[in-house]
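# A closer look at the structure
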Amino acid sequence: MATDLHSTDGLTREFEEHRAVLTAVAYRMLGRIVDAEDTVQDAWLRWASADRGDVAEPRAYLVRITTRLALDRLRQAQTRRESYVGPWLPEPLVTDSGPTVQDSAERLLSAESVSMAMLVVLESLSPLERAVFVLREAFGYPYAEIARILERGEPAVRQLGARARRHVESGTPRYTVDPQERRDLTERFLSAAAGGDLQALLALLAPDVSLVGDGGGNAKAPRRIIETADKVGRFIAAVAQQAVGNGEVRLVEFNCATAVVFLVDGRVRQAAQIEVADGLIQRLYLWTNPEKVGPINVQLQRWS
């Protein structure tokens, strides 16, 4: 039976069929779960009040509305981030909370398009470049359709896409994505860090490794990116024993890759993830800002 889009139940069912892809678009555009969910909620309000004569293809209509709403929100967010204390990292997306990889709505798209390394690079694009790149590279939309979504000419959209792709290709580190290697190295890293074994840590770090900490001025974290194996190793050795000793350490999965959460009284207080290449840690992300760490608790509850 065809869905009756003129009934409240019909509107809701149709919207829910597309919620996962709308959230995926918004998250890749904004880098924050709460902002993505708020954007999708705004899209629902537009959908519920839309003239049905304007909705020939519900999915296309909803992606168009969500993208435009995300663009507006991203422009506002970029202004606020200019005064952010220390490095700004995207908010982790929990894609699995246990030792086995499960199917989920988030996995309907490639892991690479939602990797933390990719999201970090996307932060350096203009809002329009980011929209074109996300729709084209992550979702496979043709340029003609992207031009309609953004209300721009197709040649201009193609130029935006080419510029964004060049920027991403030059800025995205060529890290391995082998899940088992990353998991093994994460476990070895945790063991060395918990034991305060500096030499063992240094053996796991690439010479030009970097550590990016996001505390937002609300929690302890480096306010500048730390670089080189010696500096990163000494920082980790100095802080890891306290973090590990104060509570529970749990391996989870952020953005389709192994990550670590540090819990105190059952609540996540810190989170970390490594990027790996050639058997060594190339980059380490550390979240301590409660505004970024808090939502992880909500996500983990959804998986439990």
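Quick caveat: nothing in here was measured; it's all calculated off a predicted structure.

### A look at empty space enclosed by the protein
Following the criterion strictly, the structure yields 1 cavity of 30 Å³ or more and no others. If you trace the largest cavity, you find it lined by Thr186, Phe189, Leu190, Val260, Phe262, Ala272, Gln273, Ile274 and Leu284. Of all the secondary structure elements, the ones that give two or more residues to the lining of the largest cavity are helix 8 (179-194), strand 5 (257-264) and strand 6 (267-277). Per-class residue counts for the lining of the largest cavity are 7 nonpolar, 2 polar and no charged.

### Considerations on the layout of surface pockets
Estimated volume of the largest pocket: approximately 620 Å³. Taken together, 29 residues line the largest pocket, and the ones lying closest to its centre are Lys220, Val239, Ala243, Gln270 and Thr288. Put simply, the parts of the chain that give the lining of the largest pocket at least two residues each are helix 8, helix 10 (229-245), strand 5, strand 6, strand 7 (280-287) and helix 11 (290-303). With 7 residues, the top contributor of residues to the lining of the largest pocket is helix 10. When the residues that make up the lining of the largest pocket are grouped by side-chain class, the tally is 20 nonpolar, 6 polar and 3 charged.

### Some points on the confidence of the model for the protein chain
Per-residue pLDDT for the protein chain averages 89, and the proportion of residues at 70 or more is 91%. Mean pLDDT across the elements of the protein chain bottoms out in strand 1 (residues 94-96) (85) and peaks in strand 3 (residues 226-227) (98). Per-residue pLDDT stays below 50 along residues 98-109; that stretch engages in 21 contacts with residues further than four places along the chain or on separate chains.

### Comments concerning the pattern of salt bridges
The tally for this structure, following the rule as stated, stands at 16 salt bridges. Arg75 is the partner of Asp72 in a salt bridge, and the nearest nitrogen-oxygen pair spans 3.6 Å. In this pair, Asp72 and Arg75 are both assigned in helix 3 (residues 58-81), 3 residues apart and thus about one turn of the helix distant. Judged by its relative accessible area of 42%, Asp72 is partly exposed. A single salt-bridge network, built from bridges that share partners, covers Arg81, Glu123 and Arg130.

### A look at the packing of aromatic side chains
Across all of its chains, the model carries 4 aromatic pairs by this definition. Each ring, one from Tyr285 and one from Trp287, has its centre 6.2 Å from the other, and the planes form 40°; the classification is tilted. The same class applies to Tyr285 as to Trp287, namely buried. Linked through ring pairs, Phe254, Tyr285 and Trp287 together constitute an aromatic cluster. Cation over ring: Arg81 sits above Trp88, and NZ or CZ is 3.7 Å from the ring centre. Positioned above the aromatic ring of Tyr143, the side-chain terminus of Arg136 is 4.4 Å from the ring centre.

### Focus: the pairing of strand 7
Where burial is concerned, most of strand 7 is hidden: 7 out of the 8 residues are buried. Strand direction decides the pairing type here: strand 2 (residues 205-214) and strand 7, joined by 6 bridges, are parallel. The residue of strand 7 that forms the bridge with Asp214 is Trp287. In terms of strand pairing, strand 6 meets strand 7 through 7 bridges, oriented antiparallel. Across the sheet, residue Ala272 finds its bridge partner in strand 7, namely Leu286. Hairpin connection of strand 6 to strand 7: 2 residues between the antiparallel strands, including Asp278 at a positive phi of 55°.

### Some remarks on the packing of helix 1 (residues 8-30) against helix 2 (residues 33-49)
It is the contact of helix 1 with helix 2, at a shortest axis distance of 8 Å, that shows an interaxial angle of 140°. Considering the angle they form, helix 1 stands oblique to helix 2. Regarding helix 1 and helix 2, the two cross each other, and that crossing is right-handed. Where helix 1 abuts helix 2, its residues Leu11, Thr12, Glu14, Phe15, Arg19, Leu22, Thr23, Ala26, Tyr27 and Leu30 lie against Ile33, Asp35, Ala36, Thr39, Val40, Ala43, Trp44, Trp47 and Ala48.

### Concerning the side chain of Asn297
Position of Asn297 among the secondary structure elements: in helix 11. The buried category is assigned to Asn297, whose relative accessible area is 7%.

### Some thoughts on the side chain of Arg130
Following the sequence through the fold, Arg130 ends up in helix 5 (residues 127-138). For Arg130, a relative accessible area of 1% gives the class buried. Within polar-contact distance, the side chain of Arg130 engages the side chain of Glu123 at 2.8 Å. With residues up to four places along the chain from it excluded, the contact list for Arg130 reads Arg28, Met29, Leu30, Gly31, Leu74, Leu119, Leu122, Glu123 and Leu125.

### Things to note about the nonpolar core
Judged by nonpolar contacts, the single largest core of 52 residues is most densely connected at Phe15, Met29, Trp47, Leu122, Phe139, Ile146 and Leu150. Every element with two or more residues in this core is listed here: helix 1, helix 2, helix 3, helix 4 (116-122), helix 5, helix 6 (143-150) and helix 7 (154-171). Take this core: its biggest share by element is 10 residues, from helix 1. Discounting residues that sit within four places of it in the chain, Met29 has contacts with Ala70, Leu71, Leu74, Pro127, Arg130, Ala131 and Val134. Listed in part, the 27 residues of the second largest apolar core include Leu190, Ile236, Ala237 and Phe262.

Reading the values: the criteria
Residues numbered from 1 in each chain as written. Predicted model: local features only at pLDDT ≥ 70, side-chain atom pairs only at ≥ 80, totals over all residues. Heavy atoms only, no water. 1 Å grid on protein atoms, 1.4 Å probe; cavity = no way out; pocket = protein on both sides within 12 Å on 5 of 7 lines; lining within 4 Å. Points joined across faces, edges and corners; volume = space filled by probe spheres on them. Helix = DSSP H or I, 4+ residues; strand = E, 2+ residues; numbered from the N terminus. Nonpolar A, V, L, I, M, F, W, Y, C, P; charged D, E, K, R; others polar. pLDDT = per-residue confidence, 0-100. Contact = heavy atoms within 4.5 Å. Salt bridge = Lys/Arg side-chain N within 4 Å of Asp/Glu carboxyl O. Buried < 20%, exposed > 50% of the residue type's maximum accessible area, 1.4 Å probe, protein only. Phe/Tyr/Trp six-rings, centres within 6.5 Å; stacked < 30°, edge-to-face > 60°. Lys NZ or Arg CZ within 6 Å of the ring centre and 35° of its normal. Pairing = 2+ DSSP bridges. Axes fitted to C-alpha atoms, helices over the stretch in contact; angles between N-to-C directions. Parallel < 35°, antiparallel > 145°, perpendicular 65-115°, else oblique. Left-handed = near helix turned anticlockwise from the far one by under 90°. Polar contact = N/O pair within 3.5 Å; in protein donor to acceptor, adjacent residues only side chain to side chain. Core = buried A, V, L, I, M, F, W, Y, C linked by side-chain atoms within 4.5 Å.

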